[in-house]
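What follows is the residue order along each chain.
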Amino acid sequence: MNPLFTFLRKTVYLTFDRVVAVLGGYDNFRRVFKLAEITGALRNRIGYIGGASKSDYLSAIAKSFPEMESRQHKKILQDYWKDHQRMFLELFIYDEMTPENIGRLVDFQGFEHIKSALKAGKGAILPVPHIGSIRLLHYSLALKGYPVSVVSSGYADDPEIVRRYKLNETSRVHQVGFRGQNPRWIVQALRDNRLVQIASTAEAGSVGVEVNFMRRRLFFTSGWVRLAMITGSPILPAYIVRNDDYRHTVHIRPAFPLTEGADRNEIVPETAQAFIDSIEPVYHQHPHLIDWMSWQNRLSEAGEHFGGEA
């Protein structure tokens, strides 16, 4: 990574850590999040790095929501960057969150489905889609006392101080493994009756599955379906959305069944597509909470995989 860019990123993180503290931290998270109105507006204007431009983002939004007008597409992008910045600011208050106070920021629906799964003794697979604050989802579940394991990016290209903010606090309360590791640790976590969070809309890696999602032909990971087939662990759909008052709600749905089929070649893609179909209405309800940055990456990967525009 460019040394100047590395220095700037370190400076940004250290600066915002101090600013968030001055604004009152977790005790005054609504005041902290007001700052995102400013930083989100800046990101909306000049914050496009990694190859995708503002017009690329708007084009992707327009293709997913063709029934909307151009001004609505622009509003979705504006609101996306504001929430993106709220999630960034949240990194600096994770260390203040505890089992006793997590309810200030997060509500939960569907704990009964987790309890039912854990009672069966085979753990559960949470194929969380890239919408809302997925880091807070697994962190808050762990703070509530559930045995959580997470498949995470290692953030290898980030400076050490950035990795600390992204990983240290969550690693303190639950198990973290990284993409590229031997998946046997995940199988063991399920055998230990743990909840394993995997991003269902992540890059496919060596084994992926084609899905139709939000009017696009994409290529997602299929490992979570394969794990369910190998271990017999239930699939629990889970997602997190931010409400108008800046607080979040974690939703846990009933166990999602594997699609019946003659063999793995049928079960994996059909289950993945059925799951994506079940989660798509959430994307339509909360378009500004979609991780449009991740979406750009998936579009790029799908284009390379399919030999053209996804």
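Before any of the text, the structure's been laid out above.
Asks: Would you explain empty space enclosed by the protein in this entry?
Replies: A probe as big as a water molecule, rolled over the atoms, marks out the empty space that is left. In the structure shown here, the tally under the stated rule is one cavity of 30 Å³ or more. Roughly 50 Å³ of internal volume is contained in the largest cavity. Taken together, His130, Thr201, Phe213, Tyr283, Ile290, Asp291, Ser294, Trp295 and Arg298 make up the full set of residues lining the largest cavity. The greatest single-element share of the lining of the largest cavity, amounting to three residues, is contributed by helix α11 (residues 292–306). Taken together, the residues that form the lining of the largest cavity break down as four nonpolar, three polar and two charged.

Asks: Where do I start with the sheet that holds strand β5 (residues 195–199) in this structure?
Replies: Remark on secondary structure: sheet strands pair via backbone hydrogen bonds, oriented parallel or antiparallel. Read across the open sheet, the four strands follow the order β2-β5-β3-β4; overall the sheet is parallel. In the strand order of this sheet, the two ends are held by β2 (124–128) and β4 (175–178), each with one partner. Across the sheet, the mean angle from the axis of one strand to that of its neighbour is 25°, orientation sign disregarded. Where β2 lies against β5, five bridges are found, and the strand directions are parallel. Residue pairing across strands places Ala124 opposite Leu195, the latter belonging to β5. Contacts from helix α9 (residues 223–231) reach β2 and β5 within the one sheet, and its direction differs from that of β2 by about 165°.

Asks: What am I meant to see in helix α6 (residues 134–143) here?
Replies: Given 3.6 residues per turn, any residue in an α-helix points the same way as the ones three and four places further on. Within α6, nine of the 10 residues are buried, which leaves the element mostly enclosed by the surrounding structure. Of the residues making up α6, those classed as buried are Arg135, Leu136, Leu137, His138, Tyr139, Ser140, Leu141, Ala142 and Leu143.

Asks: Help me understand the packing of aromatic side chains, please; the structure alone is not making it clear to me.
Replies: The description of two aromatic rings rests on the distance between their centres and on the angle between their planes. Inspection of every chain in the model, using the stated rule, returns 24 aromatic pairs. Aromatic pair Phe256 and Phe275: ring centres 5.8 Å apart, planes at 90°, arrangement edge-to-face. Note that Phe256 is positioned in the loop between β9 (248–252) and α10 (264–285) and Phe275 in helix α10, a separation of 19 residues in sequence. Of the two residues, Phe256 and Phe275, both sit in the buried class. One aromatic cluster is present, built from ring pairs that chain together Phe65, Phe213, Phe220, Tyr283, Trp292 and Trp295.

Rules of the game
Residues numbered from 1 in each chain as written. Predicted model: local features only at pLDDT ≥ 70, side-chain atom pairs only at ≥ 80, totals over all residues. Heavy atoms only, no water. 1 Å grid on protein atoms, 1.4 Å probe; cavity = no way out; pocket = protein on both sides within 12 Å on 5 of 7 lines; lining within 4 Å. Points joined across faces, edges and corners; volume = space filled by probe spheres on them. Helix = DSSP H or I, 4+ residues; strand = E, 2+ residues; numbered from the N terminus. Nonpolar A, V, L, I, M, F, W, Y, C, P; charged D, E, K, R; others polar. Pairing = 2+ DSSP bridges. Axes fitted to C-alpha atoms, helices over the stretch in contact; angles between N-to-C directions. Contact = heavy atoms within 4.5 Å. Buried < 20%, exposed > 50% of the residue type's maximum accessible area, 1.4 Å probe, protein only. Phe/Tyr/Trp six-rings, centres within 6.5 Å; stacked < 30°, edge-to-face > 60°.

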